[in-house]
Amino acid sequence: MPLAQLLDRLIELLEAHRSPRLDWLRETAALLDRDPEAFWARLNSAAFWGGAHSIANEALADNPGLDPLLWQMQIREFRELMLELAEIQRSRGDSYPDIEFWIAAYDNWNQAGI
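Rules behind the numbers
Residues numbered from 1 in each chain as written. Predicted model: local features only at pLDDT ≥ 70, side-chain atom pairs only at ≥ 80, totals over all residues. Heavy atoms only, no water. Helix = DSSP H or I, 4+ residues; strand = E, 2+ residues; numbered from the N terminus. Rg over C-alpha atoms; globule rule 2.2 N^0.38 Å. Buried < 20%, exposed > 50% of the residue type's maximum accessible area, 1.4 Å probe, protein only. Areas by Shrake-Rupley, 256 points an atom, 1.4 Å probe, with all protein chains shown as cover. Lys, Arg positive; Asp, Glu negative; His and termini not counted. Charge placed at Lys NZ, Arg CZ, Asp CG, Glu CD. Phe/Tyr/Trp six-rings, centres within 6.5 Å; stacked < 30°, edge-to-face > 60°. Lys NZ or Arg CZ within 6 Å of the ring centre and 35° of its normal. Salt bridge = Lys/Arg side-chain N within 4 Å of Asp/Glu carboxyl O. Expected span 1.5 Å × (residues − 1). Contact = heavy atoms within 4.5 Å.

### Points about the overall build of the chain
Alright, step 1. A tally of helices and strands in the chain yields six helices and zero strands.
Alright, step 2. In the chain, the succession of α and β elements from N to C terminus is α-α-α-α-α-α.
Alright, step 3. Against the 2.2 N^0.38 benchmark of 13 Å for 114 residues, the chain shows a C-alpha radius of gyration of 13 Å, consistent with a compact globule.
Alright, step 4. With the C-alpha coordinates aligned to their principal axes, the bounding extent of the chain is approximately 40 × 25 × 25 Å.
Alright, step 5. Relative to its 114 residues, the chain shows a buried fraction of 41%.
Alright, step 6. Accessible area of the chain: about 6000 Å², with a carbon and sulfur share of 52%.
Alright, step 7. Looking at charge distribution, the chain has the averaged site of its 10 positive side-chain charges lying 2 Å from that of its 19 negative ones.

### Describing the packing of aromatic side chains
Alright, step 1. By the definition in use, this model includes six aromatic pairs.
Alright, step 2. A centroid spacing of 6.2 Å and a plane angle of 45° characterise the contact between Trp 24 and Phe 48, whose relative ring orientation is tilted. Placement of the pair is Trp 24 in helix α2 (residues 22-34) and Phe 48 in helix α4 (residues 46-49), with a sequence separation of 24 residues.
Alright, step 3. Summarising the aromatic geometry, the rings of Phe 101 and Trp 102 are spaced 5.0 Å apart at their centres and angled 75° between planes, so their arrangement reads as edge-to-face.
Alright, step 4. By the ring-pair criterion, three or more aromatic residues cluster together here, those being Phe 101, Trp 102, Tyr 106 and Trp 109.
Alright, step 5. For Arg 92, the ring lying beneath its charged end belongs to Trp 40, and the centroid distance is 3.9 Å.

### Things to note about the pattern of salt bridges
Alright, step 1. The final tally for this structure, using the stated rule, is eight salt bridges.
Alright, step 2. Here Arg 26 makes a salt bridge to Glu 15, at a shortest N to O gap of 2.7 Å. Of this pair, Arg 26 sits in helix α2 while Glu 15 sits in helix α1 (residues 3-16); the two residues are eleven residues apart in sequence, bridging distant segments of the chain.
Alright, step 3. By relative accessible area, which is 44% here, Glu 15 ends up partly exposed.
Alright, step 4. A single salt-bridge network, built from bridges that share partners, covers Arg 9, Glu 12 and Glu 77.

### Structural notes on α2
Alright, step 1. Counted at 1.5 Å a residue, the expected span for α2 with its 13 residues is 18 Å, and the 19 Å between its end C-alpha atoms agrees.
Alright, step 2. For α2, every residue scored as buried is listed here: Leu 22, Leu 25, Thr 28, Ala 29, Leu 31 and Leu 32.
Alright, step 3. Buried residues belonging to α2 abut α1, α3 (36-43) and α4.

That is the geometry; function is a separate question.
The structure is reproduced here in structure tokens:
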């Protein structure tokens, strides 16, 4: 999936989840064409891949009241998109240190059907 489309879908998911991280991701995505260097710097940060309060941590968010099956499908899609984004970052040779933790966690959760 093209990077801009991947980011748009992540934004849609965070919007549906009423994520407090939504505005930060929108601001970051807007930098993709305008200032690619700033975009990659923000993407390769604790705000994106760190622990609590990061975009990556959205996979552990509580259901904001969506149908449980829809919530599960959307969280799984979120993890798949994040895995794709992690691979893009790894291929660039500049991936945040916690990215490996998230890759393993997302893979394990998806395989376990969580």
